[in-house]
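Structure assessment
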Amino acid sequence: MIPTRQILTPDDLVRFQESTACSEILVFLNALNDSVIGVKTTDAIEDSEIIQKLLCLLDAIQQTNKDIKPIETNSRFGNAAFREFYDMVEQTLPTWLAEFVPAEHIEEVSKYAQESFGNRRRIDYGTGHELNFLSFLLCLDKLELIKREDHTALVVHVFFRYVHVMRGLQMSYWLEPAGSHGVWGLDDYQFLPFLFGAGQLRTHKHLRPKSIHNPEILDEFSKDYMYFESVRFVNSIKTGSIRWHSPMIDDISGAKSWEKVNLGLVKMFRAEVIGKLPIMQHFMFGSLISFSGGSMPAGDAHSEDEHGCVDHSHVFALGQEFPDCCGIKVPSAIAAAQASKDASAEPRSAYMRPIPFD
């Protein structure tokens, strides 16, 4: 069964938020979050067979990224080579997944995995794609391929590995932030690394949320805690104070404890990710994650308009080319950083030279 879009209107979104599907996503998210409380990224965590297979899958995705070189261009918008990457992954995902997903569910599970790596048409990436990766893992959980004892490794090894794979794609193909500034992401793209990273730090006796302003702490502890690593990454591609280039992260640093940060981010995820129509209008439902909302002709259930959106009324500001509901097309900060390097430089270095934020 190929998943299809079901959330077409604000009323559909309200019904979804009261649905079993929404509850299942949140319960799964909270279970993963609970599994990493007090856990360091560098802790010795055993990988079960399914975790090893998922890591192999991400290795294969990364290799595809390396094999398909970006097209040389002066544009700072998305690189068209991403579409070749996307098509190659779409073609090979069913074969990769056949190693551990039951045959009758490969088509459905593959769709969530495919949607995890960005939008082919717009060449962008944001929290909605990140949600698809979470949903891909939820499908495996519902198929009982993932056990509760796998949850810690699923976050620390698989999800964090996914984040690094996505950074490789962002650096190679200059994926644009989905929406006008990475729709409701804490940086331009991601949300969940901060949520899970705050969970890791909830029981730490000395480190506090304000510690993100100390470069020495970021350097020393980024290998152990995804929150610090994520802040360090943002700082590596933007210059100036974090107060200016990432005001939301700066605001959060004023919280008194990591528990408040962690629980607050869970609430924010519900309100600002799965509670937003510009994100959820693209989300698809099948037999594993099931919800019936608005109806759409079968041929349109997988298609998007020129703005990358499904059937809903756009709202334009005066003189604005792109609709408010879907965000304004903006270039990637990573693209700007890479553009300043010599054209012969390797596009996949771990961190790019900082650029002024504007």
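Thresholds, definitions, all that
Residues numbered from 1 in each chain as written. Predicted model: local features only at pLDDT ≥ 70, side-chain atom pairs only at ≥ 80, totals over all residues. Heavy atoms only, no water. Helix = DSSP H or I, 4+ residues; strand = E, 2+ residues; numbered from the N terminus. Buried < 20%, exposed > 50% of the residue type's maximum accessible area, 1.4 Å probe, protein only. Contact = heavy atoms within 4.5 Å. Polar contact = N/O pair within 3.5 Å; in protein donor to acceptor, adjacent residues only side chain to side chain. Phe/Tyr/Trp six-rings, centres within 6.5 Å; stacked < 30°, edge-to-face > 60°. Axes fitted to C-alpha atoms, helices over the stretch in contact; angles between N-to-C directions. Parallel < 35°, antiparallel > 145°, perpendicular 65-115°, else oblique. Left-handed = near helix turned anticlockwise from the far one by under 90°. Expected span 1.5 Å × (residues − 1). Core = buried A, V, L, I, M, F, W, Y, C linked by side-chain atoms within 4.5 Å.

What follows deals with the overall build of the chain. Each helix and strand counted, the chain has 15 helices and four strands in total. Within the chain, the proportion of its 358 residues that are buried is 56%.

With that out of the way, let us pick up the environment of Trp258. With respect to the element layout, Trp258 can be found in helix α13 (residues 258-272). Sequence separation between Trp258 and Gly199 is 59 residues, and the spatial gap between their C-alpha atoms is 7.3 Å. The contact partners of Trp258, leaving out residues within four places of it in the chain, are Ala198, Leu201, Arg202, Leu207, Arg208, Pro209, Tyr227 and Phe228. Among the polar contacts made by the side chain of Trp258, one reaches the main-chain carbonyl oxygen of Leu207 at a distance of 3.1 Å.

Attention now moves to the environment of Lys223. Positionally, Lys223 belongs in the loop between α9 (215-221) and α10 (226-237). With 182 residues separating them along the chain, Lys223 and Thr41 place their C-alpha atoms 6.8 Å apart. Discounting chain neighbours no more than four positions away, the residues touching Lys223 are Thr41 and Thr42.

Time to look at the packing of aromatic side chains. Inspection of the entire model under this criterion finds 23 aromatic pairs. Measuring from centroid to centroid gives 5.7 Å for Phe16 and Phe291, while their planes differ by 75°, and the two rings are edge-to-face. Of the two residues, Phe16 is situated in helix α1 (residues 10-17) and Phe291 in the loop between β4 (284-285) and α15 (333-339); the sequence distance between them amounts to 275 residues. Each member of the pair, Phe16 together with Phe291, is buried. Look at Tyr125 and Tyr189: their rings are 6.1 Å apart centre to centre, the planes differ by 45°, and that puts the pair in the tilted class. Of this pair, Tyr125 sits in strand β2 (residues 124-125) while Tyr189 is found in the loop between β3 (176-177) and α8 (192-200), placing the two residues 64 residues apart along the sequence. For Tyr189, a relative accessible area of 4% gives the class buried. Put simply, the rings of Phe117, Phe133, Phe136, Phe159, Phe160, Tyr162 and Phe196 pair up and form one aromatic cluster.

Quick look at unusual backbone geometry now. Backbone geometry places Ile123, a non-glycine residue, at a positive phi of 55°. When you line up the elements, Ile123 lands in the loop between α5 (106-114) and β2. In this structure, Glu144 takes a positive phi of about 60° despite not being glycine. Among the structural elements, Glu144 can be located in the loop between α6 (127-142) and α7 (151-173). The exposure class assigned to Glu144 is exposed, which follows from its relative accessible area of 59%.

What follows deals with the packing of helix α2 (residues 20-35) against α13. Running from N to C, α2 and α13 cross one another at 160°; their axes reach a closest spacing of 12 Å. It follows from the interaxial angle that α2 and α13 lie roughly antiparallel. The hand of the α2/α13 crossing is right-handed. Facing α2, whose interface residues are Leu26, Leu29, Asn30 and Asn33, α13 presents Asn262, Val266, Phe269 and Arg270.

Turning our attention to α2. Here α2 is 16 residues long and its end C-alpha atoms lie 22 Å apart, about the 22 Å a rise of 1.5 Å per residue gives. Within the span of α2, buried status applies to Ala21, Cys22, Ile25, Leu26, Phe28, Leu29, Ala31, Leu32, Asn33 and Ser35. Where α2 is buried, its residues touch α1, α6, α7, α8, α13 and β4.

Let us look at α7. For α7, built from 23 residues, the straight-helix expectation of 33 Å at 1.5 Å per residue is met to within 8% by its first-to-last C-alpha distance of 31 Å. Counting buried residues along α7, 21 of its 23 residues qualify, which places the element largely inside the surrounding structure. A positive phi of about 55° marks Trp174, the residue just after α7.

Within the largest apolar cluster, 99 residues are counted, with the highest numbers of intra-cluster contacts made by Phe16, Phe136, Tyr227, Phe228, Leu265 and Phe269. With 13 residues, α7 is the largest single contributor of residues to this core. Non-local contacts of Phe269, meaning those with residues more than four positions away in its chain, are made with Leu26, Leu29, Leu131, Leu134, Phe191, Leu192, Leu195 and Ile274.

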